[in-house]
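# Descriptive structure summary
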Amino acid sequence: MHALAKRMMKKPDPLLETKLVGMLAKCGSLGGALSVFDEMRETDLFAWSSIIGAFSRESRWWDVMELFYWMMEDGDVIPDDFLFPKILQACGNHGDVECGRLIRGILIKLGRLKQLRVNNSLLAVYAKRGWLNSAKAFFDEMEVIDVVSWNALIKGHCQAGKIDEAHRLLELMREGLEPDIVTWNMLISSWSQFGKCDFSIKLMKDMENNGLKPDVYTWTSLILGLIHSNRRTLAEELFREMLISGVKPNDVALMSVISAFSSMRKISKKNSMIGGYCKAGYCGIAHDLFKLMQESNVSPNVITWNTMISGYIQNGDEDRAFEYCTRCDLLSILPACANLIAFTKLIEIHCSVLRWNLSSKIPVANSLIDTYAKSGNLKYAEAIFNSMPSTDIITWNIMLNVIELFEGMRELDIRPNRSTFISILSAYGLAKMVDERTHTFTNMVGNFQIAPCLDHYATMVNLYGRSGKLDKAFDVITGMNIEPDVIIWSTLLTACCKHGNTRLAVHACEKLLELEPKNTLFRRFVSQLHGNNYESSQTNGSRRKLIESHGCSWILNQMWF
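What this report covers is the structure whose coordinates are included nearby. Values in this document were obtained by computation on a predicted structure and should not be read as measured data.

In this model, S59 sits at a positive phi of 60°, which is unusual for a non-glycine residue. The exposure class assigned to S59 is partly exposed, which follows from its relative accessible area of 43%. Positive phi, normally seen in glycine, also occurs at N230, with a value near 65°. With respect to the helices and strands, the residue N230 is situated in the loop between helix 14 (216-228) and helix 15 (232-244). What makes N230 partly exposed here is its relative accessible area of 30%.

Within the secondary structure layout, D485 lies in the loop between helix 29 (470-478) and helix 30 (486-499). Overall, the relative accessible area of 14% leaves D485 in the buried class. A polar atom in the side chain of D485 sits 3.1 Å from the backbone nitrogen of I488.

This part takes up helix 3 (residues 30-39). Regarding helix 3, the residues found buried are L30, A33, V36 and F37. Looking straight down helix 3, one finds its buried side chains confined to an arc of 125°; they lie on one side. For helix 3, exposure combined with an orientation more than 90 degrees from the buried face picks out G31 and D38.

Residues E66, E73, D74 and D76 make up a contiguous surface patch of negative charge. Residue class for D74 comes out partly exposed when judged on its relative accessible area of 38%.

Enumeration according to the criterion identifies 8 salt bridges in this entry. The salt bridge involving D140 is made with K136; its shortest N-O contact spans 3.0 Å. Here the residue D140 and the residue K136 both occupy positions in helix 9 (residues 132-141), the gap between them amounting to 4 residues, near one helical turn. Overall, K136 belongs to the partly exposed group, its relative accessible area being 27%. Between R174 and E171 there is a salt bridge whose closest N-O contact spans 3.8 Å. When its relative accessible area of 28% is taken as the criterion, R174 is described as partly exposed. Overall, the relative accessible area of 35% leaves E171 in the partly exposed class.

This part takes up the packing of aromatic side chains. A full pass over the atoms with the stated rule returns 6 aromatic pairs. Considering the side-chain rings of W191 and F199, the 4.3 Å spacing of their centres and the 40° angle between planes classify their relative orientation as tilted. On the accessibility criterion, F199 (23% relative accessible area) is partly exposed. Consider the rings of F441 and Y457, whose centres lie 6.0 Å apart with planes at 55°: the pair is tilted. With a gap of 16 residues between them, F441 in helix 27 (residues 434-446) and Y457 in helix 28 (residues 454-466) connect regions that are remote in the sequence. Each member of the pair, F441 as well as Y457, carries the same accessibility label: buried.

Taken together, the side chains of K26, R57, K86 and R117 define a basic patch exposed on the protein surface. Turning to its location among the elements, K86 is positioned in helix 6 (residues 83-94).

Calculation notes
Residues numbered from 1 in each chain as written. Predicted model: local features only at pLDDT ≥ 70, side-chain atom pairs only at ≥ 80, totals over all residues. Heavy atoms only, no water. Buried < 20%, exposed > 50% of the residue type's maximum accessible area, 1.4 Å probe, protein only. Helix = DSSP H or I, 4+ residues; strand = E, 2+ residues; numbered from the N terminus. Polar contact = N/O pair within 3.5 Å; in protein donor to acceptor, adjacent residues only side chain to side chain. Arc of directions from axis to C-beta. Patch = residues over 30% accessible without salt bridge, like charges linked within 9 Å, V, L, I, M, F, W, Y side chains within 5 Å. Areas by Shrake-Rupley, 256 points an atom, 1.4 Å probe, with all protein chains shown as cover. Salt bridge = Lys/Arg side-chain N within 4 Å of Asp/Glu carboxyl O. Lys, Arg positive; Asp, Glu negative; His and termini not counted. Charge placed at Lys NZ, Arg CZ, Asp CG, Glu CD. Phe/Tyr/Trp six-rings, centres within 6.5 Å; stacked < 30°, edge-to-face > 60°.

Here's what the structure looks like:
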C-alpha cells in the first residue's frame, strides 16, 4: 500500500501522507508509519498528532517524548491543547518530571496555562511521580478545577501511601464537587491494600449512599484486601454479594475467591460455597471450584456431586448435568470401599471398571488408585498407576504417598503444584526426614517459584516440632510472609507441651489469644502456664506430670487444635 501510494503521488500530498501514517499505525505497523512520516517533506500539526498519537496508544512513552523533542527542534509546529496532554501523559508514565516542567514553561510563554485539559495533564505528571508539594501548589494556582483535577491529586497521595491525606482531600472535594466512581475506587483500593478493610467497606457504603453503584473494581479491591488480611470468610460473603448485585467478576476476583476456596479445610464449607454459586447461576465458577477441589486431593462427596447436578439442571444445562450423573455413581462409591472389610467389594468394582472399559478414564483410575492406597494395598495402586496411558496432577498427588515417585515425576518434567508439595512435605514429616523436607521446601520456593501457603508452613512447623527442634519451628513462623493462623500457633504449642519448652509455649498461647480473644480454653491455659506449678514441674523434670497437670494432655491425645 505504501509503495503504491508513492507511485501514484506525482507531488507531495501532506493530507494523503498523514492518512497513510494513521492507517499503518492502526494496522500495528509503527515502523511503517514512522518511515512514511520521516519521508514527508511537509509536516503539519495533523501529521505530528497522528504519529505521536499512534505511539501513545501503544504506551511507547519514550518514543512519544523523542518525537516531541524532534517536533520542538523543527520549530515549525506547536502542539495544541489536545496534543499537549498526550505528551504530558508520556512524561508522567516515563517518570520525566523535567520534561513536564519544560512543557509548563512553554505553556506559560504561549499563555495557554488556563486550559483545564492541559492543566490536569500537568498536575497528573507531578502527582504520579510523587512530587506532591509541587502538585498541591500547582493545584492551588489552577483557576478552574473539576473532578479529574481532584482525582489526579488524590491518586498521587494514594500511590505515595498517604491514605489519611487522600481521605482528607476527598472530604474537601465533597464540599464543592461530587466524587465519581474513580475517586471512590482509588480510596477503597488504597485502604484495602493497607489492611484497613473495615474502613474500605465503610467507604463503599458511603459511595452507595451518594447514589453510585460499586463496580467490579470496587468489589475486587475489597475482596483482595480481605484475603490478604486472612479474612477469607468475609471475602467469600462479599463475592456472593457481588454476584447477587449483578456485577460480573473479572479474572482477578475469580482468582481471589479460588485462593480463599483452596484454604478451606472442611468439605462442608466447600460444598456450601459451590452450592451458592450454582444458585446464583454461576455454574462455570462452581465447576472451576469443583475441579480445584479434585486437584487439591480433596475427594468430592455425594453432596458435592448432587449440588453440581442440581445446579446445572436448575440453570437449564441438562447435558452437563447428565455428564456429572454418568461420572458420579462410580466415583462416589469407590471412597466408601477404602477399608479392609470392603476390599472384596473394591475388587468387584474394579472388575466392573474393566468390563465397562472405563480404566482409561483418568478420574476413574485416580479414584481406584486413591481407594487402594487408603486401604493399604499400595501394590495394586502402583500397578494401576503404571498401566495408565496418561496421568494428571491429581494422579501424582495420590501416589505421593510413595515418596520415591516424586523424583520420577520430576524426571518426566511434570511440574508439581502447591498440593503436590503439601503431599510430599507431609510424607517427609511422618517419616521424620527433616533434611529432605527442608530441601524440598527450599526447592519449592527457589526452583519452582511457588509461594508457601499456610499449609506448607504448618507442615514445616509440625516437622520441626515433632523432631524437638522448637527454635527452628519458631524461626519458620517468624519468617512467614503471611500472618500465622490458629493452626500454626497451635502446632507450635503442642510441640512445646510435648518437649517442655515453657517460654515458647507461653508465647504461642498469647498469640492464640490475640487471634481468638474469646476462647476460654486458651485463656485458662495461658493463666496455668504463667502459674508456679508449671515451673516447679519443669524443675522436677517430670515432663508427663507437667503436661497433664496443666491440661496439655488433651492437646496431645485429642489433637483438639
